[in-house]
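# Chain and residue survey
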Amino acid sequence: MALACYNTAMEPLLKHCRLCPHACGADRTAGEKGICGADARLFVARAALHFWEEPCISGTVGSGTVFFSHCPLHCVYCQNAEISDGRAGAEITAGRLADIFLELQGQGAANINLVTPTHYVPHIIDALTRAKGRGLSLPVVYNCSGYESVEALRLLDGLVDIYLTDFKYMDSALAQRYSNAPDYPRAAKRALHEMTRQAGKAEFDEKDLMRRGVIVRLLLLPGCLEDAKAAVRYLYETHEDGIWLSLMSQYTPVHAECLPPELRRPVTPEEYEALVNYAIALGVENGFLQEGKAADESFIPPFDCTGVRPG
Ligand code: SF4
């Protein structure tokens, strides 16, 4: 397998891969695919301005968003299955990824937003190092599932400015049932400590765009209000104002026939309102709410390799 797509100094990271908490040990340099579905090659499904993140990330100009193919988690309710299972995406080199970052900066992006980057950390380090050497000056957003290895996150210290992370479950039985990762709560808690250590307290510019900090996303699932409340309590009691909370109502039952019965409906306004009221009663002030219809598929862009290949 050709290894020209990333810095060979990073090769040991892919030789016995432990980049995510699965630590499945795949030899990606030999063409083996891990649980995430990725071998050593880098696949990207879309690179474009994106307007559907939190206001301090998208602003009015859009976030320069790079959607990576494959994913270490295989959530049964995945909204982006087309990319997470690797059906969408084109192979590129780390050099091309660096070009993409600079092209997004040239388009006026508010930041560089790396979506589902976990399994490509070596390639991303290579590309960011190249792009920064060529004038990339935007904040870098690591937009992830929360199922992260602390050791891999430490490699990004100084390269990433903003962590935009999910916090999916407090209950490991739910994590097993919906994401086949019973260790998710423990892994996500550890990862969040490392993210807050690196990013520090949030800072915003004069246009209210985040320059550095941590945003934790909590996607409310139908029937999971109590777990979501427990997550909000844990996050607030542990991190207080060190993080911003984003309470999300946008759960969409894509391919409902394949889902467990309890997930075949949107979240009700009453469930979401109960979660918001709970957070307010706790004292949460740094946060984002979602307004509008819960089951709105406009959040999902086309994964047609826009912006991926050289223009
Ligand atoms: S990133 Fe992929 S290959 Fe590496 S440990 Fe995780 S699942 Fe395995």
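You'll find the structure just up there.
Small disclaimer: the values here were computed from a predicted structure and weren't measured.

## Let's talk about the site of the ligand
Taken together, the neighbourhood of the ligand is formed by Cys 17, Arg 18, Leu 19, Cys 20, Ala 23, Cys 24, Arg 28, Gly 34, Ile 35, Cys 36 and His 119. When its residues are assigned to classes, the shell around the ligand shows seven nonpolar, two polar and two charged.

## Thoughts on the side chain of Arg 217
Mapped onto the fold, Arg 217 is located in strand β8 (residues 210-219). A polar contact of 2.4 Å, which involves the side chain of Arg 217, links it to the side chain of Glu 53. Ignoring any residue separated from it by four or fewer positions in sequence, one finds Arg 217 in contact with Glu 53, Glu 54, Asn 143, Leu 164, Thr 165, Asp 166, Phe 167, Ser 246 and Met 248.

## Focus: the pattern of salt bridges
One pass over the full model with this rule turns up 18 salt bridges. Close ionic contact of Arg 217 with Glu 54 constitutes a salt bridge, the shortest N to O distance being 2.8 Å. Remark: Glu 54 occurs in the loop between β1 (42-50) and α2 (55-58) and Arg 217 occurs in strand β8; sequence separation between them is 163 residues. Glu 54 shares its class with Arg 217; the two are buried.

## Structural notes on the packing of helix α4 (residues 94-106) against helix α5 (residues 121-133)
Axis separation between α4 and α5 bottoms out at 8 Å; the angle between their running directions is 55 degrees. Taken together, the axes of α4 and α5 are oblique relative to one another. Every pair of crossing elements has a handedness; the one defined by α4 and α5 is right-handed. Between α4, through Ala 94, Gly 95, Leu 97, Ala 98, Phe 101 and Leu 102, and α5, the contact on the second element is made entirely by His 123, Ile 124, Asp 126, Ala 127, Leu 128, Arg 130 and Ala 131.

## Brief notes about the packing of aromatic side chains
Two aromatic rings are characterised by how far apart their centres lie and by the angle between their planes. By the definition in use, this model includes 11 aromatic pairs. A centroid spacing of 6.1 Å and a plane angle of 70 degrees characterise the contact between Tyr 77 and Tyr 251, whose relative ring orientation is edge-to-face. Placement of the pair is Tyr 77 in the loop between β2 (63-68) and α3 (81-84) and Tyr 251 in the loop between β9 (244-248) and α10 (269-282), with a sequence separation of 174 residues. Relative to Tyr 184, the ring of Tyr 147 lies with its centre 6.1 Å away and its plane at 10 degrees, an arrangement referred to as stacked. Residue Tyr 147 is located in the loop between β5 (140-144) and α6 (150-155), and its partner Tyr 184 is located in helix α8 (residues 184-199); the two are separated by 37 residues in the primary sequence. Note on accessibility: Tyr 147 and Tyr 184 belong to one class, buried. Members of the aromatic cluster, joined through ring pairs, are Tyr 77, Tyr 178 and Tyr 251. Between Lys 189 and the ring centre of Tyr 234, over which it is positioned, the NZ or CZ distance is 4.8 Å.

Criteria and thresholds
- Residues numbered from 1 in each chain as written.
- Predicted model: local features only at pLDDT ≥ 70, side-chain atom pairs only at ≥ 80, totals over all residues.
- Heavy atoms only, no water.
- Near = heavy atom within 4 Å.
- Nonpolar A, V, L, I, M, F, W, Y, C, P; charged D, E, K, R; others polar.
- Helix = DSSP H or I, 4+ residues; strand = E, 2+ residues; numbered from the N terminus.
- Polar contact = N/O pair within 3.5 Å; in protein donor to acceptor, adjacent residues only side chain to side chain.
- Contact = heavy atoms within 4.5 Å.
- Salt bridge = Lys/Arg side-chain N within 4 Å of Asp/Glu carboxyl O.
- Buried < 20%, exposed > 50% of the residue type's maximum accessible area, 1.4 Å probe, protein only.
- Axes fitted to C-alpha atoms, helices over the stretch in contact; angles between N-to-C directions.
- Parallel < 35°, antiparallel > 145°, perpendicular 65-115°, else oblique.
- Left-handed = near helix turned anticlockwise from the far one by under 90°.
- Phe/Tyr/Trp six-rings, centres within 6.5 Å; stacked < 30°, edge-to-face > 60°.
- Lys NZ or Arg CZ within 6 Å of the ring centre and 35° of its normal.

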